[in-house]
Each structure stands twice: as structure tokens, then as C-alpha cells.
Amino acid sequence: MLELSERKYNGISNIMSTLDKNQSKAFGYYLPKENLIKWFFATVDSPFNDVCIVYDIIKDAFLIDSGKVFYD
């Protein structure tokens, strides 16, 4: 079994290139019933976490949750 960090992902580089280098406020959580991992990141020059990246464990795929509403 491979560790999550050792797996090869298609397209994750494109997603990662849009993120700010300072991710000190980023966070994530695991949803075991849905087999999903969700991370909340800030894109370049954003003052807050404005993108949600979802990893589907079953489908072995990264997705952008574009339906997330962010507000202060």
C-alpha cells in the first residue's frame, strides 16, 4: 500500500500552481463515510482561504469544490 504522499496524481500540479506560497491558515479534514478529504487553501494574493480542494479516495481524483461559499 502506498502512502498518500507517494501516489502519482494527474493534474494536481496545475491546481497547486494557483495557490499562494503562504498557507499558514490552510486546514483540512477527512470525511470517512464519504471517503473524501477536503483542504481549504488561499489562492495567490488572497487574504483568506478561497478554494476547497477535494480528494476522492475511491476515484483517486482531485476536484475543486466550486460550490463553496466563502464569506466573512
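Everything below is about the structure shown above.
Residues numbered from 1 in each chain as written. Predicted model: local features only at pLDDT ≥ 70, side-chain atom pairs only at ≥ 80, totals over all residues. Heavy atoms only, no water.

Section: the overall build of the protein chain
Step number 1: Helices and strands together make up the secondary structure of the protein chain, namely 1 helix and 4 strands.
Step number 2: Listing each helix as α and each strand as β along the protein chain from the N terminus yields α-β-β-β-β.
Step number 3: Within the protein chain, the fraction of its 72 residues that count as buried is 25%.
Step number 4: Taking the intrachain contacts of the protein chain between residues at least 6 apart in sequence as the baseline, contacts between residues at least 24 apart amount to 26%. (Helix = DSSP H or I, 4+ residues; strand = E, 2+ residues; numbered from the N terminus. Buried < 20%, exposed > 50% of the residue type's maximum accessible area, 1.4 Å probe, protein only. Contact = heavy atoms within 4.5 Å.)

So, the pairing of strand E4 (residues 61–64)
Step number 1: Bridge count for strand E3 (residues 51–56) against E4 is 4 bridges, and the pairing is antiparallel. Note that in E4 the partner of Asp56 across the bridge is Ala61.
Step number 2: Linking E3 back to E4 in an antiparallel pair, the connection comprises 4 residues, with Asp60 at a positive phi of about 50 degrees. (Pairing = 2+ DSSP bridges.)

Quick word on the side chain of Ser46
Step number 1: Following the sequence through the fold, Ser46 ends up in the loop between strand E2 (36–41) and E3.
Step number 2: Reaching out from Ser46, the side chain makes a polar contact with the side chain of Asp50 at a distance of 3.3 Å. (Polar contact = N/O pair within 3.5 Å; in protein donor to acceptor, adjacent residues only side chain to side chain.)

Considering the nonpolar core
Step number 1: With 9 residues, the main nonpolar core is built from Ile12, Ile15, Leu19, Ile37, Phe41, Val51, Ile53, Tyr55 and Phe62.
Step number 2: Broken down by secondary-structure element, the contributors of at least two residues to this core are helix H1 (12–16), E2 and E3.
Step number 3: Tallying contributions element by element places E3 first for this core, with 3 residues.
Step number 4: Once residues within four sequence positions are removed from consideration, Ile53 is found in contact with Ile15, Leu19, Ile37, Lys38, Trp39, Phe41, Phe62, Leu63 and Ile64. (Core = buried A, V, L, I, M, F, W, Y, C linked by side-chain atoms within 4.5 Å.)

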